[in-house]
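Each chain, letter by letter, is given below.
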Amino acid sequence: MAVDELQAIIQRCQILEESDFKGEDFNLFQVAGQKCLEDGYAAQLLEVIQNEKNKVIIKNMGWNLISPLVRCIFMYKQDDDKREHCLSILDQLAQLCNPKELFLGLLEQIEQTSGEQVCQTVLLLLQPLQTVLLKLQNKKAYSVGLSLAMIMNQLTPLPVPYTKQQIQEDKFGLCQCCNAVVDFAKPFVNEVVKNMEKSSEYNDMELKEELIKFCMKSLKYPLLTAQLEQLEGIEEHPFRLFATEIIDILWNIRELIPLVFMHHKGKSPHWENQEFEDIERKNSADSLACLSYLVFVQHFGIKCFPVVFSPSYLLLRNMTHVEVLLKSIIAIFFSHLQDLLESSLLRMEDNSLLHHYLEFRDFIDVPQDLVKIMTLCPMEHMRKKSLSILQLFIDKFDTEGKYTLFRCLLKTSNHAGVEGYIIKNIKDQIHLSLTVRLLPLKSKLLSQNSICSMFLIHRIMASLNLLRYLVIKDCESDNQTGVWTTLAKIEENFLKPLRVGLNMSKAHYEAEIKNKKETRKEAHSSNTVCSVTVSGEKMPAMTTGMQLQVLHSALFTFDLIESVLARVEELIEVKIKAVMDEN
């Protein structure tokens, strides 16, 4: 019988000194104890462990029972007495075993678990692990850091619940587990706080650094990808609670403000492998970006901050984080960066951001990245949001800053719609304040480079409207924009080539229409089809009728451009004639 075997081993070891225990004794105790658990004698095993005479034996050998004990706990149902006995054994082992040995046994058990049992195992072992760590004297900070790192590494592969239903269901137990881990860390946070209060020159940084690492890991996962908006029907949002706790830890150990504003990352480990070092740097950047998002968008811990930082300084700090989030391909990261950038910009007055900020690389890169989202992102709401934020970004700069941004975006966008949008912005800026600083832009826009094909209608029409606006608003006698000085070049490089291009294009398309009509008459049918290929992908076939419809649409576009062109030429002629009459 298993209990008899265990009693025999116990009786033999009771007469031995602690130093006389051999490897064979450990093995026999483990086998007998495991058999007791598996055969349903957990109550008898508990009595053996609680016996004061066996205290030394349990201290040295008890940790070997952790693995079979955890298996049995998961095997029994919640209301089974045997499960309660197993849980009591676990508590006793946490009190009686050698802390160092039991610590390693508990960590090994957490490391070996996987899948759906990860959170169950972590939740089961957190309390005994905390008890053991509090009893450790040597390498306590290292052991706490190792425990937190092991737990977070095991949790990281689990999917983060996002929808209301997923959060309520908490299939893998991640929501419950995250907040339990915070409770696990609290005694060590309190220890750091207590030591800092005793001395203003707190030099024992090891435990503090381990807590910072834990917070940074928590910011990266799960908070960076978590849904943090208030959800109807969920009174206590688990991830909002978790975020609050992480912010509180950083505040209590006096690291919240340094991390947000000074980008202090603690002691960065030195890696001989460059790839590992790059990963560590990327993870740290993601964590700091999430921290700023929590503070400035979700307003966690915002009341802790002194109101001494200017809006432009906050924007400068957050632009680094926005650029980090822009490099990701995860949709929720785009959403976070949009919210963070919008929040930073809304704090500023229009025209208040000095152009010198464009000397920072992020201030040039971010608007270009917003353009990429506007033109390439498959999600319409993100495209629209990026457009509104880009406009907000432009509005905040002074005149010279806007001028620099316009030049940059016109040079790099390579998208007719974006170019037309920027040209409209330029016209709006001229309307607000006519300035000679826009002359180089005007020369670039009203040039032959703007005439490429009918697909550039946005840019061509915007350029014509800009020229029409300048001719109307800027008198030749004032010539504030320099439009009259460069009119000859504009006519030579823009208006005349555009007129020639329009005439040739119209003649070509009219000939095509005539040819299509004749072909259709000869075939006595409109079902003739042609194939069209776009970017290497074959599009649905077009009937002759459909082809004619496209050609007529193109002619209508040319007529539209021609009417605006004629109006511009007429205005120029009237203005010149009026000046000549005055002379």
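What counts and what doesn't
- Residues numbered from 1 in each chain as written.
- Predicted model: local features only at pLDDT ≥ 70, side-chain atom pairs only at ≥ 80, totals over all residues.
- Heavy atoms only, no water.
- Salt bridge = Lys/Arg side-chain N within 4 Å of Asp/Glu carboxyl O.
- Helix = DSSP H or I, 4+ residues; strand = E, 2+ residues; numbered from the N terminus.
- Buried < 20%, exposed > 50% of the residue type's maximum accessible area, 1.4 Å probe, protein only.
- Expected span 1.5 Å × (residues − 1).
- Arc of directions from axis to C-beta.
- Contact = heavy atoms within 4.5 Å.
- Polar contact = N/O pair within 3.5 Å; in protein donor to acceptor, adjacent residues only side chain to side chain.
- Core = buried A, V, L, I, M, F, W, Y, C linked by side-chain atoms within 4.5 Å.
- pLDDT = per-residue confidence, 0-100.

Points about the pattern of salt bridges
Using the criterion set out here, one finds 22 salt bridges in the structure. Put simply, R71 and E38 hold a salt bridge, and the shortest N to O gap is 3.9 Å. A residue pair is termed long-range when its members are at least 10 positions apart, and R71 in helix α5 (residues 66-75) and E38 in helix α2 (residues 23-38) qualify at 33 residues. The class for R71 is partly exposed, based on a relative accessible area of 42%. A salt bridge links E52 to K55, with the shortest nitrogen-to-oxygen separation between them at 3.9 Å. The exposure class assigned to K55 is partly exposed, which follows from its relative accessible area of 43%. Within this structure, R499, K506, D559, E562 and E569 form a network of salt bridges that share partners.

Section: helix α6 (residues 81-96)
Spanning 16 residues, α6 covers 23 Å between terminal C-alpha atoms, matching the ideal 22 Å at 1.5 Å per step. Of all the positions in α6, only R83, C86, I89, L90, L93 and A94 are classed as buried. What you see down the axis of α6 is that its buried residues fit within an arc of 135°, all on one side. Within α6, the exposed residues directed more than 90 degrees away from the buried face are D81 and Q95. The elements touched by buried residues of α6 are α2, α3 (42-50), α4 (55-61), α5, α7 (99-112) and α8 (117-135). Where α6 begins, the capping side chain belongs to D80, and its oxygen is found 2.9 Å from the backbone nitrogen of K82.

A look at the nonpolar core
Judged by nonpolar contacts, the single largest core of 182 residues is most densely connected at L155, L294 and L464. No other element matches the 14 residues that helix α11 (residues 174-198) contributes to this core. When neighbours within four sequence positions are excluded, L294 is seen to be in contact with L219, L223, L228, A243, I247, H299 and F300.

Some thoughts on the confidence of the model for the chain
Counting all residues, the mean pLDDT for the chain is 83, and 86% of those residues have values of 70 or more. Counted against residues more than four places away or in other chains, residues 264-269, with its pLDDT under 50, gives 11 contacts. Here residues 434-439 is modelled with pLDDT under 50, and outside its nearest four sequence neighbours on either side it reaches 15 contacts, counting other chains as well.

Describing the environment of L228
With respect to the helices and strands, L228 occurs in the loop between α12 (206-220) and α13 (238-252). Judged by relative accessible area, which is 1%, L228 ranks as buried. Spatially, the C-alpha atoms of L228 and L294 are 9.0 Å apart, while their sequence positions differ by 66 residues. Excluding residues that lie within four positions of it along the chain, L228 makes contacts with L223, H237, F239, R240, Y293, L294 and Q298.

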